[in-house]
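Structure assessment
The residues making up each chain are set out below.
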Amino acid sequence: QYMTENFAEFFAQCHTLLQPDMDYVARRQALRLLGDMLLDRTFMGSMLAYVSNEQFLQIHMNLLRDSSKTIQLDAFHVFKIFVANPQKPARVLAILCKNRERLLKLLASLSGKSDRNA
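1. Observations regarding the packing of aromatic side chains
Going through the model one piece at a time under the given rule, you end up with seven aromatic pairs. Pairing F7 with F56 gives two aromatic rings, centres 6.3 Å apart and planes at 40 degrees, and the pair type is tilted. With F7 in helix α2 (residues 7-17) and F56 in helix α5 (residues 54-63), this residue pair connects regions lying 49 residues apart in the sequence. Residue F7 shares its accessibility class with F56, and that shared class is buried. What links up through ring pairs into an aromatic cluster is the set F7, F10, F11, Y50, F56 and F82.

Written out as structure tokens, the structure reads:
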């Protein structure tokens, strides 16, 4: 119930910790906590609201481009929840479609495959 009542405030604070100018350890821990929470069935309602927000998708797409491979990988674990959502809002779907090629290249680099092997 706390998450339902404090959704906007909680995620605003969480996203503050994900900013590039924040400490690496704080960013990594916030991203891991976020990923774990969104995948926990207890927070299903919050997860569905989260992955329906195109601004949140953009945050994680930017984190996929972070200079740290570890941050990129942790961001991928949240990003895949957006992709797996079978009821994507039109704006989320449009952003994913618009950035399809860039995302595929980025994901190939995360997996360690070159364009030839992808």
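2. Regarding the nonpolar core
Ranked by size, the top nonpolar core spans 29 residues in total, and within it F11, L38, Y50 and L57 carry the most contacts. Contributions of two or more residues to this core are made by α2, α3 (24-39), α4 (44-50), α5, α6 (69-84), α7 (90-98) and α8 (100-111). Ranked by residue count, the leading element in this core is α6, at six residues. Sequence-distant contacts of F11, defined by excluding residues within four places in its chain, comprise M3, L34, M37, L38, Y50 and F56.

3. Details of the environment of N53
Along the chain, N53 falls in the loop between α4 and α5. When its relative accessible area of 19% is taken as the criterion, N53 is described as buried. Considered as a pair, N53 and R91 are 38 residues apart in the sequence and their alpha carbons are 8.4 Å apart. Dropping the residues within four chain positions of it, N53 is found in contact with F82 and V92.

How each quantity is defined
Residues numbered from 1 in each chain as written. Predicted model: local features only at pLDDT ≥ 70, side-chain atom pairs only at ≥ 80, totals over all residues. Heavy atoms only, no water. Phe/Tyr/Trp six-rings, centres within 6.5 Å; stacked < 30°, edge-to-face > 60°. Helix = DSSP H or I, 4+ residues; strand = E, 2+ residues; numbered from the N terminus. Buried < 20%, exposed > 50% of the residue type's maximum accessible area, 1.4 Å probe, protein only. Core = buried A, V, L, I, M, F, W, Y, C linked by side-chain atoms within 4.5 Å. Contact = heavy atoms within 4.5 Å.

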